[in-house]
Amino acid sequence: MERLPRGRHGLSPEFVAQNQRERLIAGLTEVLYEVGYQKTTVSLIGARASVSKSDFYKHFQSKDECFFAAYEAAIEQIRKVVVDTCAAQKGADWAPRVRDGISALLVFLAADPALASISLVEGLRAGRGVYDRYQAAVESFVPYLREGAPATPDGAPVPAATDEAVVGGIASLLGRRVLAGEAEQIDKLLPDVLEFALTPYLGAAEARRVIAA
């Protein structure tokens, strides 16, 4: 998000306010990735966003409130990647659609380590209120996995808890890699993540066939 030009620019107050808010959200996300939640301050956020401390408080009452906004923005960006990929694959078989959705997600996260960190790691560190949002965000991706899913290899329906376990397991795995400083290589995990996601539904052999296709 670029800083607005100084002086008279003819931009509306509403546009300026929205631009500042978006810069603050981006600034917090970047600072958080670099120094962690405890060391992130309003001053650091404002400096990164090129927004004064007084203007920061016009948008957010505290660092925590800015964090909540940044977290929600990150989740929505991730959701958009998943939704857009699923929409583009509408009508396709379940397994290739899941494969493409997970692939797009990992590429997106690898390209933006700061966003990967706030969505997969910092949401577990910032207190109960954010942890609840993290859990809700994870669960909100279950329908995208569930839609069109086949029965188990023996023909039995897949328990709903399986969908939740798969989505939660993927989030946990990716979070550990981000925490280990491997966010930029997270897309290299695609074969392992796909095998974990597909095997409960297709069996190991068929899952590997889909991955290799």
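J.: How do you make sense of the pattern of salt bridges when you look at a structure like this?
T.: Pairing between side chains becomes possible if they bear opposite charge and their charged atoms approach one another. Counting across every chain of the model gives twelve salt bridges. Salt-bridge contacts for E195 lead to R208; the nearest nitrogen and oxygen are separated by 3.2 Å. Taken together, the positions of E195 in helix α10 (residues 190-202) and R208 in helix α11 (residues 204-212) put the pair 13 residues apart, joining distant regions of the chain. Take R208: its relative accessible area is 48%, and that puts it in the partly exposed class.

J.: Even after reading the chapter, I still don't get the packing of aromatic side chains, so can you show me in this structure?
T.: By convention here, two paired aromatic rings are described through the distance between centres and the angle between planes. As enumerated under the stated definition, the model contains seven aromatic pairs in all. With a centroid separation of 6.4 Å and an interplanar angle of 70 degrees, the aromatic rings of F67 and F68 are classed as edge-to-face. The exposure class of F67 is buried, given its relative accessible area of 0%. On the basis of relative accessibility, which here comes to 26%, the residue F68 falls in the partly exposed class. Between F67 and Y71, the aromatic rings sit 6.3 Å apart at their centres with planes inclined by 15 degrees, giving stacked as the arrangement. Of this pair, F67 and Y71 both sit in helix α4 (residues 63-88), four residues apart, which is roughly one turn of the helix.

J.: Would you mind showing me how to read the confidence of the model for the protein here?
T.: Low pLDDT means the predicted atomic positions in that stretch should not be read closely. On average, the protein scores 88 in pLDDT, and the residues at 70 or more come to 93%. Here helix α7 (residues 128-140) is the element of the protein with the lowest mean pLDDT, 82, and helix α2 (residues 42-49) is the one with the highest, 96.

J.: Any chance you could explain the nonpolar core here in plain terms?
T.: In a soluble, globular protein the nonpolar side chains are often hidden away together inside. Residues L109 and L174 are the most contacted members of the largest nonpolar core, which totals 60 residues. Of all the elements, α4 adds the most residues to this core, at ten residues. Non-local contacts of L174, meaning those with residues more than four positions away in its chain, are made with L106, L109, L120, I186, L189 and V193.

J.: Which parts of the structure should I look at to understand the packing of helix α9 (residues 160-179) against α10?
T.: The interhelical angle for the contact between α9 and α10, taken along N-to-C directions, is 170 degrees, at an axis separation of 10 Å. Relative to α10, the element α9 is oriented roughly antiparallel. Contact residues: α9 offers T162, D163, A165, V166, G169, I170, L173 and L174, while α10 offers V193, F196, A197, P200 and Y201.

J.: So what exactly am I meant to see when it comes to the side chain of H59 here?
T.: If you trace the backbone, H59 turns up in helix α3 (residues 53-59). Of note is the side chain of H59, whose polar atom sits 3.0 Å from the side chain of Q20. Apart from the residues within four sequence positions on either side, H59 is in contact with A17, Q20, R21, L24 and E65.

J.: Any chance you could explain the side chain of E122 here in plain terms?
T.: With respect to the helices, strands and loops of the structure, E122 is situated in the loop between α6 (113-120) and α7. On the basis of relative accessible area, E122 is assigned to the buried category, the value being 2%.

J.: Got a minute to help me understand unusual backbone geometry in this structure?
T.: Residues apart from glycine generally show negative phi values, whereas peptide bonds are mostly found in trans. The phi angle at S50 is positive, at roughly 60 degrees, despite the residue not being glycine. Mapped onto the elements, S50 comes out in the loop between α2 and α3. Among the residues examined, S50 registers a relative accessible area of 34% and is labelled partly exposed.

Conventions adopted
- Residues numbered from 1 in each chain as written.
- Predicted model: local features only at pLDDT ≥ 70, side-chain atom pairs only at ≥ 80, totals over all residues.
- Heavy atoms only, no water.
- Salt bridge = Lys/Arg side-chain N within 4 Å of Asp/Glu carboxyl O.
- Helix = DSSP H or I, 4+ residues; strand = E, 2+ residues; numbered from the N terminus.
- Buried < 20%, exposed > 50% of the residue type's maximum accessible area, 1.4 Å probe, protein only.
- Phe/Tyr/Trp six-rings, centres within 6.5 Å; stacked < 30°, edge-to-face > 60°.
- pLDDT = per-residue confidence, 0-100.
- Core = buried A, V, L, I, M, F, W, Y, C linked by side-chain atoms within 4.5 Å.
- Contact = heavy atoms within 4.5 Å.
- Axes fitted to C-alpha atoms, helices over the stretch in contact; angles between N-to-C directions.
- Parallel < 35°, antiparallel > 145°, perpendicular 65-115°, else oblique.
- Polar contact = N/O pair within 3.5 Å; in protein donor to acceptor, adjacent residues only side chain to side chain.

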